[in-house]
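The primary structure of each chain is shown beneath.
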Amino acid sequence: MSDTPTPAAPPAFDELAEAIRKRRSVYGHISGLRMDRFAPGEAWSTLPYREVFVGDSETGVIHGGVVTAMLDESCGMAVQLVLDGASAIATLDLRIDYQKPATPGLDIKAHAVCFRVTRSIAFVRATAYQEEESEPVATATACFMVGANRTNMLTDRPAFGGAPPPLEAPEDPTGPFATSPFARCLGIRLAENDTLVMPFSHRIIGNPVLPAIHGGMTGAFLETAAIITVMRELGAAAPPKPIGLTINYLRSGRALDSIASASIVKQGRRVVAFEARAWQDDATKPHATAFGHFMLRQAPEQD
């Protein structure tokens, strides 16, 4: 008789969905994102409105990075609902198209669909909305690597329960992020040579086993770096409006502070194209890059 152990049977789908609901990223739990409904390869989620998510306190509009992180997390849930729950996944690239600003004070919902899985790659699309899915706040497409590392979500990750912990944005009325509670919440600060720093902290963790920075947090950091760069170089008094952002994840963001820089690629009268990059201990080895477009806010006297 063979002594080779029999592989454990994969969990039933409802059990898998419950495990995914509880064993997600650290940031996903802290943000309050919850999975409301599920089906094979599909996840419906809700992110309750919190004042700390605001990107511009003068308008009350949520920071684009909050939407990016939500869609990244929701896409990941859809991928796991296709797999057996044991395989570790990692975002390879994520494209966000911002359709309209989120209405202040309202929750944001998301519907993510994993529509194709190969041996190594999963392809996903998602929609973020508030009242009707046919009226999106943003849409996303993403690619995930399947089997990105040896961690097992079902056995290695802790299960989260209860209400999410509070998130605070320290006041800084004279700083560059005086009107951006979410940037202050992440601890983003200006550094030398026109760079920005996002300190590593528990709240930005994606995979708690490695640990690795949440891809959505890296996306939020890159977008913030681009906003600051555009405002500084163009002398803008108000943050530009995001139109689209494509993020390429080159390697895991480790438990280290991240540094980012951005530059303007092309400037038009109303639209500006930018690129940004983030690294940790070696500027020649970025762990993520981004390319995107902003809509410049027009002065009242301009057409």
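Caption draft 1: Representation of the overall build of the protein chain within the structure. Scanning the protein chain for helices and strands turns up 6 helices and 16 strands. Against the 2.2 N^0.38 benchmark of 19 Å for 303 residues, the protein chain shows a C-alpha radius of gyration of 19 Å, consistent with a compact globule. Overall, the C-alpha framework of the protein chain stretches about 85 × 45 × 35 Å when taken along its three principal axes. Counting only residues that meet the buried cut, the protein chain has 49% of its 303 residues in that class. Residue pairs in contact within the protein chain that sit at least 24 positions apart in sequence constitute 66% of those at least 6 positions apart. When the accessible area of the protein chain is evaluated, it comes to approximately 14400 Å², of which 51% is carbon and sulfur surface. A gap of 3 Å separates the mean positions of the 28 positive and 33 negative side-chain charges of the protein chain.

Caption draft 2: Geometry of the side chain of Ser258. Note on placement: Ser258 falls in strand S14 (residues 258-267). When near neighbours in sequence (up to four residues on either side) are disregarded, Ser258 contacts Leu196, Val197, Met198, Ile213, Phe221, Trp279, Gln280 and His287.

Caption draft 3: Molecular detail of the environment of Gly162. Structurally, the position occupied by Gly162 is in the loop between helix H4 (153-156) and helix H5 (181-185). C-alpha separation for the pair Gly162 and Arg297, spaced 135 residues apart in sequence, amounts to 41 Å.

Caption draft 4: How the structure looks around empty space enclosed by the protein. Under the definition given, this model contains 2 cavities of 30 Å³ or more. Of the voids in this model, the largest cavity is the one considered here, and its volume is about 40 Å³. Looking at the lining of the largest cavity, the elements that each hand over two or more residues are helix H2 (26-31) and helix H3 (64-80). If you tally residues by element for the lining of the largest cavity, the top one is H3, at 4 residues. Taken together, the residues of the lining of the largest cavity break down into 6 nonpolar, 2 polar and 1 charged. Put simply, the second largest cavity is a space of about 30 Å³. For the lining of the second largest cavity, the per-class residue count stands at 3 nonpolar, 4 polar and 1 charged.

Caption draft 5: H3, seen in detail. Relative to the 24 Å expected for 17 residues at 1.5 Å per residue, H3 spans 25 Å between its end C-alpha atoms, a close match to the ideal helical length. Buried residues dominate H3, accounting for 17 of its 17 residues.

Conventions used here
- Residues numbered from 1 in each chain as written.
- Predicted model: local features only at pLDDT ≥ 70, side-chain atom pairs only at ≥ 80, totals over all residues.
- Heavy atoms only, no water.
- Helix = DSSP H or I, 4+ residues; strand = E, 2+ residues; numbered from the N terminus.
- Rg over C-alpha atoms; globule rule 2.2 N^0.38 Å.
- Buried < 20%, exposed > 50% of the residue type's maximum accessible area, 1.4 Å probe, protein only.
- Contact = heavy atoms within 4.5 Å.
- Areas by Shrake-Rupley, 256 points an atom, 1.4 Å probe, with all protein chains shown as cover.
- Lys, Arg positive; Asp, Glu negative; His and termini not counted.
- Charge placed at Lys NZ, Arg CZ, Asp CG, Glu CD.
- 1 Å grid on protein atoms, 1.4 Å probe; cavity = no way out; pocket = protein on both sides within 12 Å on 5 of 7 lines; lining within 4 Å.
- Points joined across faces, edges and corners; volume = space filled by probe spheres on them.
- Nonpolar A, V, L, I, M, F, W, Y, C, P; charged D, E, K, R; others polar.
- Expected span 1.5 Å × (residues − 1).

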